[in-house]
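These are the residues of each chain, in order.
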Amino acid sequence: MSGSSDVLARDSAAVDDEAIVLEILRANPADPDFVPHWQTFELEPAEGMTLFIALTELREADPSLQFDFVCRAGICGSCGMLINGRPGLACRTLVTDLPRPTRLAPLPGFALIGDLSVDTGRWMRAMSERLETWVQGPDIDRDPSLVEQPMEPETAEAIYELERCIECGCCVAACGTVQMREDFAAAVGLNKVARFRLDPRDTRDDAEFLELVGDDDGVFGCMSLLGCEDVCPKNLPLATQIAFLRRAMVKASL
Ligand code: SF4
Ligand code: F3S
Ligand code: FES
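What counts, and at which threshold
- Throughout this document, residue positions are counted from 1 along each chain, in the order its sequence is written.
- Chain labels run from A onward and ligand labels from 1 onward, assigned in the order the entries are written.
- Side-chain atom pairs in this predicted model are given and counted only at pLDDT of 80 or more, local residue features only at pLDDT of at least 70, and totals for whole chains, interfaces and linings cover all residues.
- Side-chain measures here rest on the full set of heavy atoms in the structure, leaving out hydrogens and waters.
- Numbering of helices and strands starts at the N terminus; helices are DSSP runs of H or I of at least 4 residues and strands are runs of E of at least 2.
- Here the axes come from fitting lines to C-alpha atoms, over the contacting stretch only for helices, and the angles between their N-to-C directions go from 0 to 180 degrees.
- Reported orientations rely on four angle classes, namely roughly parallel under 35 degrees, roughly antiparallel over 145, roughly perpendicular from 65 to 115, and oblique for the rest.
- Should the near helix be turned counterclockwise from the far one by less than a right angle, the crossing is left-handed, whereas a clockwise turn marks it as right-handed.
- Throughout, a contact is declared for two residues whenever any of their heavy atoms are within 4.5 Å.
- Residues are sorted three ways: Asp, Glu, Lys and Arg are charged, Ala, Val, Leu, Ile, Met, Phe, Trp, Tyr, Cys and Pro are nonpolar, and all the rest, Gly among them, are polar.
- Any Lys or Arg side-chain nitrogen found within 4 Å of a carboxyl oxygen on Asp or Glu counts as a salt bridge.
- Exposed residues in this analysis have more than 50% of their type's maximum accessible area, buried residues have under 20%, and partly exposed residues fall in between, with area computed by a 1.4 Å probe over protein chains only.
- Any Phe, Tyr or Trp ring, taking Trp's six-membered ring, that has another such ring centre within 6.5 Å forms a pair; planes under 30 degrees apart are called stacked, those over 60 apart edge-to-face, and the others tilted.
- Known as pLDDT, the predictor's confidence for each residue is given on a scale from 0 to 100.

### Considering the environment of Glu23
Part 1 of the argument: You can see Glu23 is positioned in strand β2 (residues 20–26).
Part 2 of the argument: Separated by 18 residues in the primary sequence, Glu23 and Phe41 place their C-alpha atoms 6.2 Å from one another.

Here is the structure:
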């Protein structure tokens, strides 16, 4: 692999004291001959350097390195990865806060594209279609006789709070139930259902939500492991929302 004076790849035993050492899991499912392995990279730290900046520098030396970024500001949810085994956003992680060496791996629970890049979009879309995560009610755009009613500010704020989810997939990767149940909605899905339950424009009742999440792939599959809330970069109250939803679904099932 090629290197430069400040971006090098070599054995961690040979690194200098100041350098950041990243061990990255290299994998390429598109190439059956590619053997997954850890590759060690060394680079000089700079003030305010995030993992996004570090990985971008490394990719200048090795253009084959795969990872995803769009916004670089914790908004798009593209840059989730395992950082020393913990799901997190690379663009919001300062390299100076990390131990040496730091291991980077792709988020589990999603189809691997290569190296640190996973297909969260396909997973999120399938979950969204299964749980019908969109407002269902009269179409006021098509029927001019219907007028959208103003929403109470407290309701709008509660919905806005749950809408802060950026679909990064960190809660999926941190959830033990996902490892056992392929179609488990995970905290991201259950949070979305909780959000639409709150929405006065959505005319579905709890019996209809029960049809969507009232099983072990939904709210009754959650074992309260709490990894989701621990890692959510938006600090969403996921455990509370899941508990509210579970109580409502138990009530609707009686
Ligand atoms: Fe990411 Fe949190 Fe949304 Fe899960 S609930 S996808 S961790 S922002
Ligand atoms: Fe999983 Fe969170 Fe429940 S980690 S088991 S969804 S509390
Ligand atoms: Fe958008 Fe990190 S690049 S959240």
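### Things to note about the packing of helix α2 (residues 120–131) against helix α6 (residues 186–198)
Helices that pack against each other are described as a pair by the angle of their axes relative to one another and the distance between those axes.
Part 1 of the argument: Remark: α2 packs on α6, axes separated minimally by 10 Å, with the N-to-C direction vectors making an angle of 40°. Judged by the inter-axis angle, α2 sits oblique to α6. The two elements α2 and α6 meet at a crossing, and its hand is right-handed. Judged by residue contacts, Trp123, Met124, Met127 and Leu131 of α2 engage Ala186, Val188, Gly189, Lys192 and Val193 from α6.
Part 2 of the argument: Per-class residue counts for the contact of α2 with α6 are 7 nonpolar, 1 polar and 1 charged.

### Regarding the pattern of salt bridges
Part 1 of the argument: For the coordinates displayed, the defined rule picks out 14 salt bridges.
Part 2 of the argument: One salt bridge connects Asp217 with Arg181, and the closest N-O pair in it is separated by 3.0 Å. Separated by 36 residues along the polypeptide, Asp217 in the loop between α7 (206–213) and α8 (227–231) and Arg181 in the loop between α5 (176–180) and α6 bring together distant segments of the chain.
Part 3 of the argument: One salt bridge connects Asp202 with Arg204, and the closest N-O pair in it is separated by 2.7 Å. You'll find Asp202 and Arg204 in the same group, each marked buried.

### Topic: the packing of aromatic side chains
Part 1 of the argument: This structure, assessed with the given rule, holds 3 aromatic pairs.
Part 2 of the argument: With a centroid separation of 5.0 Å and an interplanar angle of 80°, the aromatic rings of Phe67 and Phe69 are classed as edge-to-face.
Part 3 of the argument: What makes Phe67 buried here is its relative accessible area of 5%.
Part 4 of the argument: Of the residues examined, Phe69 reaches a relative accessible area of 18% and is grouped as buried.
Part 5 of the argument: When the ring of Phe110 is compared with that of Trp123, the centres are 5.7 Å apart and the planes differ by 75°; the resulting orientation is edge-to-face. On the criterion of sequence distance, the pair formed by Phe110 in the loop between β6 (102–105) and β7 (111–114) and Trp123 in helix α2 is long-range, its members being 13 residues apart. Taken individually, Phe110 and Trp123 each receive the classification buried, so the pair is uniform in this respect.

### Some remarks on the confidence of the model for the protein
Any segment with low pLDDT has predicted coordinates that should not be analysed in fine detail.
Part 1 of the argument: Model confidence for the protein is summarised by a mean pLDDT of 92, while 94% of its residues fall at 70 or above.
Part 2 of the argument: Residue range residues 1–7 is modelled with pLDDT below 50. Its contacts to residues more than four positions away, or to other chains, number 13 contacts.
Part 3 of the argument: Here residues 9–14 is a poorly scored stretch, pLDDT under 50, and it has 11 contacts once near neighbours within four places are set aside; other chains count.

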